[in-house]
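Observations on chain architecture
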Amino acid sequence: MVACALLCANVARAQSRSITGRIVSEDGGPLAQASVTIAGTTIGTHSGDDGRFVLRSPSPSAVLLRVRRIGYTPRSVPVAATEADISIALTKDVLQLDALVVTGTATTVSSQNAANAVSVVSGEQLTKVASATIDHALAGKVAGAVISQNSGAPGGGTQVQLRGTSTILGGYSPLYVIDGVIANNSAIAGGLNVISGAGGGNLSSAQDQSVNRIADLNPNDVEDIQVLKGASAASIYGSKGTNGVIIITTKQGRAGRNNIDLIQRVGRSSLSHSLGSRCFASAAEYGDWAANILGDSKTAAAAEWTAAPIKCHDYENEFYSNQQLAYETIGSVRGGNSSGTSFFLSGLAKHDNGLAPNDFYSKQALRLNLGQNLGSRLSLHANGEMLHSLTQRGISGNDNNGISPGAIFSSTPSFIELRRQVDGTFPINSSGLLAGSNPFQNADIIKTPENVYRFIASGSANLSIFSSDRQTLDATLTGGVDSYADKSRVISPASGYTEQASFGSNAGTLFNSDAAVLNANLNGSLVHRLALASTSATTSAGFRQEHRESSVTQITGRGVIFPTVLNVAGASQSYPLQQQALVADLAFFAQEELSTLGERLLLTAAVNAERSSNNGDQEKYYLFPKASASYRMTTLPSFVNEFKARVAYGKAGNQPPNPAPLTPGRSIFLTTLQYEGITGVRASTLKGSTTIRPETATETEGGFDATLWNSRVRLGATHYRKQVDNLLLATAVATSTGFVTQYVNGGQIVSHGTELQLEASPVQTAKVTWISGTTFAKTKGKVTQLPVPGFNPGVGSFSTSFGNAWIEEGQSPTVIQSYVGCRQLNASGVCPAANRILGFAGDGTPDYTMGFTNEISVGHVRLSGLVEWRKGGDVVNLTDNYFDAVNLAKDTLTSQQRYVSWRAGNPVYVQNGGFVKLRELTVAYELPSAMTRTLFNGLVQSARFDVSGRNLKTWTKYDGYDPEVSNFGNQALGRFQDVTPYPPSRQILVSISTTF
């Protein structure tokens, strides 16, 4: 028997053969880490540092090798039976035609076969121009994504919306996944409301101009980002995928030479646009204004104007003139060895200057990613990052206490001196509707720091359970945590003029917020792969378990007399608040992926079953299926290299928000109550529901991808229909029950959209290359079912006379309700409330969005830029009303015509927010090799100098600071309110990049 076995083995070995070769680039240089596989089998390997590989073919006859490497165009190379050693050259994939895109929790597929429109943004594309946050760096680069910065304040505050509105009251943000960790993108209110009074009361509010926490991440660590825009792709994440999924993969080590990269940037931010204000030409002109607006004596007012040494201050340029240097220092080490060890180590120190005095954003980050192969069957990976940010965003936005710079500047005559005097004191504002307030003093003595410490870590183990020429079975276990502590403070001393005017004997305010947030998840999967001659099948199944908890404790103290006292215990009055949440999710998934007809037809079907403690029935599993197909055509015109038709269907969900007070949930909560200075509790007026369930998005998309003219052009087109059912709605209940409101599932939103992506390399020579890209996206939604009367969703609203968010059947979910006319004016030209005509004056959704990227390289010089165009999309400009109401706008004629029209019942403050914005521009010079060796004494492999700018120019008819604005921060609806925001900035940086 032993002899027979040895004989069979020798016969099998004699029938097999060894194939060796070398993978090289176009210039003949070796390419390491190229994947080489034998078609129709599971046999594969990777090229070494010298580009060489060795494969043992199970057959002595001819075989087909498939070669892939990131950044290069894949090739299929036939190897004859007589060939033993071959050389395979790969060409640069300048249009990124080939990338691995996610198809399941544990599977990927080449973008050439993918059935969904998944956008992939490389780390290089993300960081060509430095950006404070990852989400802001994505703006204009993803078709179907509307990415807006809420204000010009430093440190973030960016909203990403994928394929239109998917909810009314539920969560709005895409799901972020970082190296397998489901990350947290919450925004903890920072307490600005306690001094601005924007939302009233003594605690934080939705108008605190908060930062979303994805801002913490270091963009320079990103290898690539995949954006799963629709439910047909995002269904793999079940009840958290309705708003899309953004998958971030960080850089890993790789075998070969260890590289050290250092980047140093310096620059600053400056005011990119100002509104200006009225300059009075004479004492008589000011006297008339003071008499009409303030009721002051004309003679006294004229004398005040005459005595002023400066007749017209430019308050905005005086105040928003922080010259503090911005800098960014980035370092990384990347490498590995032939024994299977790989590592990536990076660090970041960043500081951005805000425009206002003492405003800034600082961030530090340290990342270590490790990989280790233990034999040929087990591989381990560990990723970890420590992050710290300290932000002071100052004061901006809606204000009822006369403390916001925009509110003060818009109501103060421009001859009033507000700047610090030579004796160190600040003048008391002597005129205007907000007399007594001084924003220069506020910026000097009021502190609003937000201090965040964050730790994100993940680990994974992949075990090859079984492997043969035709089949493999792998098990993967991945776990991770995302934990952060957010400490926000507001320190407003009693000596402040606004404190004294607004709070009197209770002047002196302290606000402390301490938040602890933890996300943890564990994923396990089994993946079986079967490879046949022209067909392969990948079967996967597994589970995902997630745990999320948060605790936010806030307390406001008033009447803190001594400026050195920073303990809320020293306040004469205090107002506490604590919010806690705990959520547990469990999901199981199964997926089948079939590739056949020589990898031309790809069929996928999957289902994800998930339960959550957020649901009314915590034990019930909700199903989120998906199915897709793509086919690469065989008969094509000569100018077409590839043409793929695709169609996909899927469902994803949106969980009810965390079960905390005043949010939809299954439980009834106690709420705090203060009566005559005594704190107690009472039952909430919000009734819980045991039937509350996830919102459900069902989406079908279809389209095609084509590469043309020798792969110099790539065109992709997608059309989709998304239907969101079981919307979370608030409904009234009989007060006899002891409750007022209960949340229910009901209603429907249907959206249709089209996305186009065109990339081309019109010029590609040895010395000159030009790569151009264009994206287009258009989406429209409608509320098709609503079981309750039309209602204001409670966000994005000030007054119907300006323009409010409104939900009504038959209307767009982002429609703006306003008065649109008057039946009859009174004798003063004012429209009485009873005569006003209610209607719809606009829509917050743009007509369409486009992005234009271009990169031109001539020798060692590279010029690249990004322009974004948003056509339409309306904004409610309340900042104009601040100026109009007191006749202090720079253009008084236009201002007063607008004000008269508004008083007559017309929606003049609903304005077109369309724009064209030069988001990025870079000029780079790559030093020649000889010069690099001379300058750096042979220590540096390559060096590059860059001058780059972000948000350099905006073309728009909108007369506010910036049409990208949201007084209410990140939210699904009503983010179109412009109320004296932090003005926009442009940033210019000079950098040097070196590789050792």
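Rules used in this analysis
- Residues numbered from 1 in each chain as written.
- Predicted model: local features only at pLDDT ≥ 70, side-chain atom pairs only at ≥ 80, totals over all residues.
- Heavy atoms only, no water.
- Disulfide = S-S within 2.5 Å.
- Helix = DSSP H or I, 4+ residues; strand = E, 2+ residues; numbered from the N terminus.
- Buried < 20%, exposed > 50% of the residue type's maximum accessible area, 1.4 Å probe, protein only.
- Core = buried A, V, L, I, M, F, W, Y, C linked by side-chain atoms within 4.5 Å.
- Contact = heavy atoms within 4.5 Å.
- Polar contact = N/O pair within 3.5 Å; in protein donor to acceptor, adjacent residues only side chain to side chain.
- Phe/Tyr/Trp six-rings, centres within 6.5 Å; stacked < 30°, edge-to-face > 60°.
- Lys NZ or Arg CZ within 6 Å of the ring centre and 35° of its normal.

**Let's talk about the state of the cysteines**
This structure, assessed with the given rule, holds two disulfides. Between Cys279 and Cys312 runs a disulfide, and the two sulfur atoms are separated by 1.6 Å. Note that Cys279 is positioned in the loop between β17 (256–271) and α6 (283–294) and Cys312 in the loop between α7 (298–307) and α8 (315–319), a separation of 33 residues in sequence. For Cys279, a relative accessible area of 39% gives the class partly exposed. Looking at Cys312, the relative accessible area reads 33%, which means it is partly exposed. Bridging Cys822 to Cys831, the disulfide has an S-S length of 2.2 Å. Across the disulfide from Cys822 to Cys831, rotation about the S-S bond amounts to roughly 90°, and the bridge is consequently right-handed. On the accessibility criterion, Cys822 (22% relative accessible area) is partly exposed. We classify Cys831 as buried; its relative accessible area is 3%.

**What to know about the nonpolar core**
Core analysis: the biggest nonpolar cluster contains 31 residues, and Tyr286, Trp289, Phe319, Tyr320 and Phe409 have the highest contact counts within it. The set of elements that each furnish at least two residues to this core consists of α6, α7, α8 and α10 (439–445). Of all the elements, α6 adds the most residues to this core, at four residues. Those residues in contact with Phe409 that lie beyond four places of it in its chain are Tyr315, Glu316, Phe319, Tyr320, Leu418, Pro439, Phe440 and Phe883.

**Here's the deal with the side chain of Gln655**
With respect to the secondary-structure elements, Gln655 resides in the loop between β29 (640–654) and β30 (670–675). Classification of Gln655 as buried rests on a relative accessible area of 8%. Polar contacts involving the side chain of Gln655 include one to the side chain of Ser239, which spans 3.0 Å. Reaching out from Gln655, the side chain makes a polar contact with the side chain of Arg548 at a distance of 2.9 Å. The residues touching Gln655, leaving out its near neighbours within four places in the chain, are Ser239, Lys240, Arg548, Val583, Asp585, Glu610, Ser612, Asn614, Pro694 and Leu728.

**Things to note about the environment of Val118**
If you trace the backbone, Val118 turns up in strand β10 (residues 118–122). In this structure the C-alpha to C-alpha distance between Val118 and Tyr743, which are 625 residues apart in sequence, comes to 34 Å. Those residues within four positions of Val118 in sequence are excluded, and the remaining contacts are Val101, Gln226, Val227 and Leu228.

**What about the packing of aromatic side chains?**
What the rule picks out here adds up to 19 aromatic pairs. Considering the side-chain rings of Tyr286 and Trp289, the 5.8 Å spacing of their centres and the 25° angle between planes classify their relative orientation as stacked. Of this pair, Tyr286 and Trp289 both sit in helix α6, separated by three residues, roughly a single helical turn. Accessibility classification places Tyr286 together with Trp289 in one group, the buried group. In this structure an aromatic cluster arises from ring pairing among Tyr315, Phe319, Tyr320, Phe409, Phe440 and Tyr982. Over the ring of Phe915 we find Lys917, and its NZ or CZ is 5.2 Å from the ring centre.

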